[in-house]
Amino acid sequence: MATKWVIRLADGIIVHSAAAKQDILDTFRVNSSSKLFVIPHANYIGQYPNTITQADARAQLSIAPSEFVFLFFGLIRAYKGVPDILDAYRQLSGDATLRLLIAGAAKDTVLLEQIQHYAESNPTITLDVRFIPDEEVQVYMNASDVVLLPYRQFLTSGAVLLAMSFARACIAPRQGCIPELLDDDDAFLYDPAQPDGLLNAMQTALEQRGRVTQMGQHNYTKAQQWSWEWVAQRTQDVYEKCLQWGEP
């Protein structure tokens, strides 16, 4: 109810994607879309240290250079598809060159126990359950080949921009804001309605491992357009337009 009144009273509403804009229009029955403005999430280029090589990052994490590394990074939550990652990885992990790297804090004790139990029985899983300090983000990102983003619910995703800012290829569902950020040139997208969608995307990434570096660079180039300066200017433009509407 409070959200509905805020939307009615606001002169301008900023969202990060066209998908989020449409969701607001559909959910709250906004009569006019003119008060909704789409401004993409800014990138993280230069916001974190990024000087470590992949070889050094892997050495710190005891990961072999020949391994193909899937990374889940960030707060460990069920809605982010972590259980789906475990299910899919279980079906892939017969390949000795695979590595699943999960790094981030966890508040869901049941989910954490599930992950820890599986990790204990699978030596190809590296688990670091804690808040990752800013200076260590580069270690996990640069150690990986592909970042896993199988979110079940989202309107925007800073994690996608983080992966793009570190020139990583991504795996994500073809829904919500994702198609506005990623495409088949820089990500392995899948239909979330398909039971084996994530598994098939991970299998494809493994089979096409020779592409992932180029895909990551494509992501980095694309992310450069969404600088904080660019976002700030468009945010200022929205404020100025709303002020003009309020003038007598």
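The structure under discussion appears in the preceding block.
Quick summary incoming for the structure in this document. Per chain, residues are indexed from 1 in the order of the written sequence. Totals for whole chains, interfaces and linings use all residues, but because this is a predicted model, local features are given only for residues with pLDDT of at least 70 and pairs of side-chain atoms are given and counted only at 80 or more. Note that the side-chain values use all heavy atoms of the structure and ignore hydrogens as well as water.

## Here's the deal with the overall build of the protein chain
Strands here are runs of E lasting at least two residues and helices are runs of H or I lasting at least four, both read from the DSSP assignment and numbered beginning at the N terminus. Secondary structure summary: the protein chain contains 11 helices and 8 strands in total. Radius of gyration here uses only the C-alpha atoms, and the compact-globule reference equals 2.2 Å multiplied by the residue count raised to the power 0.38. For the protein chain, the C-alpha radius of gyration of 20 Å lies close to 18 Å, the compact-globule estimate for 248 residues. Burial classes: relative accessible area under 20% of the type maximum marks a residue as buried, over 50% as exposed, and values in between as partly exposed (1.4 Å probe, protein chains only). Counting across all 248 residues of the protein chain, residues that qualify as buried make up 48%. Considering only contacts in the protein chain between residues 6 or more positions apart, those separated by 24 or more positions represent 70%. Accessible area for the protein chain stands at about 12,700 Å²; split by element, carbon and sulfur atoms hold 50% of it. Between two residues, a contact is recorded if the distance between any of their heavy atoms is within 4.5 Å. All accessible areas in this document rest on Shrake-Rupley with a 1.4 Å probe, and a residue is counted as covered only by the protein chains that are shown.

## Notes on the pattern of salt bridges
Basic side-chain nitrogens of Lys or Arg form a salt bridge, by our definition, when they fall within 4 Å of a carboxyl oxygen of Asp or Glu. Scanning all chains against the criterion turns up 9 salt bridges. Among the salt bridges present, the one from E67 reaches R99, with a minimum N-O distance of 3.0 Å. Within this pair, whereas E67 is found in the loop between α3 (54-60) and β3 (68-73), its partner R99 is found in strand β4 (residues 98-103), the two being separated by 32 residues in sequence. In terms of burial, E67 and R99 fall into one category: buried. Between R130 and D128 there is a salt bridge; the shortest N-O distance is 2.8 Å. Exposure remark for D128: the relative accessible area of 16% places this residue in the buried category.

## Quick notes on the pairing of strand β8 (residues 187-190)
Neither face of β8 is left uncovered, since the one carrying A187 and L189 and the one carrying F188 and Y190 both have all their residues buried. For two strands to be treated as a pair, DSSP must find at least two bridges joining them. Sheet topology places strand β7 (residues 169-173) next to β8; 4 bridges connect them, and they run parallel. Residue pairing for β8: C170 is matched across the bridge by A187.

## Looking at the nonpolar core
Take the buried residues of types Ala, Val, Leu, Ile, Met, Phe, Trp, Tyr and Cys, join any two whose side-chain atoms come within 4.5 Å, and each joined set is a nonpolar core. Counting 68 residues, the largest nonpolar core has F70, F73, L100, Y140, I171, L182 and M202 as its most contacted members. Once residues within four sequence positions are removed from consideration, I171 is found in contact with F70, V146, V147, L148, L149, P150, F188, Y190, L198, A201, M202 and A205. Within the second largest apolar cluster, 9 residues are counted, among which are I7, A10, V15 and L25.

## Observations regarding the side chain of D145
Mapping D145 onto the fold places it in the loop between α6 (137-143) and β6 (146-148). Judged by its relative accessible area of 13%, D145 is buried. We define a polar contact as two N or O atoms separated by no more than 3.5 Å, with the added condition that, inside protein, one atom must be a possible hydrogen donor and the other a possible acceptor, whereas residues neighbouring each other in sequence contribute only through side-chain atom pairs. At a separation of 2.8 Å, a polar atom in the side chain of D145 contacts the main-chain amide nitrogen of V69. Aside from chain neighbours lying at most four places away, what touches D145 is Q54, R58, E67, F68, V69, A169 and V212.

## Re the packing of aromatic side chains
Only centres within 6.5 Å qualify two rings of Phe, Tyr or Trp (six-membered ring in Trp) as a pair; their planes then separate them into stacked at under 30 degrees, edge-to-face at over 60, and tilted for everything else. Scanning the entire structure with this criterion turns up 4 aromatic pairs. Arranged with centres 5.2 Å apart and planes meeting at 75°, the rings of F68 and F70 form a pair that is edge-to-face. In this structure F68 comes out as buried when scored by relative accessible area, which is 2%. Here the aromatic rings of F73 and Y140 are separated by 6.3 Å at their centres, their planes lie at 45°, and the arrangement is tilted. One end of the pair, F73, is in strand β3; the other, Y140, is in helix α6, and 67 residues separate them in sequence. Of the two residues examined, F73 and Y140, each falls in the buried class. The residue whose ring lies beneath R8 is W5, and the NZ or CZ to ring-centre distance is 5.2 Å. Lysine NZ or arginine CZ positioned within 6 Å of the ring centre and within 35 degrees of the ring normal marks a charge as sitting over the ring. Above the plane of the ring of Y118 lies R90, whose end atom (NZ or CZ) is 4.7 Å from the centre.

## Here we look at helix α10 (residues 212-223)
Here α10 spans 16 Å end to end across 12 residues, near enough to the 16 Å set by a 1.5 Å rise per residue. Residues of α10 that are buried: V212, M215, G216, N219, K222 and A223. Buried residues in α10, looked at end-on, bunch into an arc of 120°, giving them a common side. Pointing more than 90 degrees away from the buried face of α10 are the exposed residues T213, Q214 and T221. The length a helix should cover is 1.5 Å for every residue beyond the first. By arc we mean the arc of the directions from the helix axis to the C-beta atoms, nothing more.

These results come straight from atomic positions and should not be treated as a statement about function.
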